[in-house]
Structures are given as C-alpha cells and as structure tokens.
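Spelled out, the chains give:
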Amino acid sequence: MSLTIGPPMDRDLVQELVRLRLKDNRLPEGHAVGLRETTGNGRPCDACGEPIDRKQRAVLAMVSREWMSVRFHVDCYKVWDAERLALSEMNGAGRRSQ
C-alpha cells in the first residue's frame, strides 16, 4: 500500500477496537482474498469506526472464510491483518475457538 494516512486515533486504541470486533465477530478472522486500494468516500472504517475521507486511502478487502467485505483506513487494515494472524495462530491454524 502506498499512502498511509491513517485514522485520527492512536494505534493502541485501534488495536483494542480490532481485538474486540474480532472477538464479537464484527470483523472477520479469515484471510483477505481480494484487496483493492482506493480513495475514501466518507464511509466509516470497519476497524476504528471513523469516516475515511477523500484525502485518505481506503483498503477494501474480501475475506474468504466469512465471505465478508470490509473497509479500512490503510493503517487500520495493517492492524486488523496483524491481529487476525495472531488470533489464528493462537487458535491453532486458523480455527476459531468456541
């Protein structure tokens, strides 16, 4: 990803929000099979909840396991990807613990 203008909140807060949203299934745990980077259009980021405005880059991801489409600020995407990888490793090869 080229331009990394991120959300107005700090990385620690985004990381905590992502963990909570992964835990309650508001964010998918699976691997993104399709990624597209575009400009924001004011819609909220699925990780931090803040709007992605036209001066910011957005990452649109399609996640295979849940067949869910998600939208992120570039920096929020990086946090989500790291957190979902850590969760998958902790749960053993990507299997969600019950």
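Residues numbered from 1 in each chain as written. Predicted model: local features only at pLDDT ≥ 70, side-chain atom pairs only at ≥ 80, totals over all residues. Heavy atoms only, no water.

## Let's talk about the confidence of the model for the protein
In plain terms, the rule: pLDDT: the predictor's confidence for each residue, scored from 0 to 100. What counts as a helix is a DSSP run of H or I of at least four residues, what counts as a strand is a run of E of at least two, and both are numbered from the N terminus. By definition, residues are in contact when any of their heavy atoms lie within 4.5 Å.
Within the protein, residue pLDDT values average 87, and 86% of them lie at 70 or more. Looking across the protein, the model is least confident in helix α2 (residues 74-91), with a mean pLDDT of 93, and most confident in strand β2 (residues 57-63), with 96. Note on residues 1-5: pLDDT is under 50 here. Beyond four places in sequence and across chains, it has 14 contacts.

## Things to note about the sheet that holds strand β3 (residues 68-73)
Let me state the cut-off plainly: Any two strands are treated as partners once DSSP identifies two or more bridges connecting them. All axes are obtained by fitting lines to C-alpha atoms, using only the stretch in contact for helices, and the reported angles, taken between N-to-C directions, cover 0 to 180 degrees.
Overall, antiparallel pairing links the three strands, which are arranged β1-β2-β3 in an open sheet. Strand pairing shows two members of the sheet lacking a second neighbour, β1 (32-39) and β3, which therefore form its edges. The mean inter-strand angle of the sheet, taken between neighbouring strand axes irrespective of direction, is 20°. As paired elements, β2 and β3 share six bridges and run antiparallel to each other. By the bridge assignment, A58 is partnered in β3 with H73.

## Here's the deal with the packing of aromatic side chains
To keep it simple, the criterion reads: Each pair of aromatic rings taken from Phe, Tyr and Trp, with Trp reduced to its six-membered ring, is defined by centres within 6.5 Å and is described as stacked if the planes are under 30 degrees apart, edge-to-face if over 60, and tilted in the remaining cases. Note on classification: 1.4 Å probe, protein chains only; a residue is buried when its accessible area is under 20% of the maximum for its type, exposed when over 50%, partly exposed between these limits. Whether a charge sits over a ring comes down to the Lys NZ or Arg CZ being within 6 Å of the ring centre and within 35 degrees of the ring normal.
Per the counting criterion, the structure on display carries three aromatic pairs. With centroids separated by 5.2 Å and ring planes inclined at 25°, the aromatic side chains of F72 and W80 adopt a geometry described as stacked. Note on F72: relative accessible area 0%, which makes it buried. In this structure W80 comes out as buried when scored by relative accessible area, which is 0%. Here a set of aromatic residues connected by ring pairs shows up, and it is made of F72, Y77 and W80. Stacked on the ring of W80, the Lys or Arg R84 has its end atom at 5.6 Å from the ring centre.

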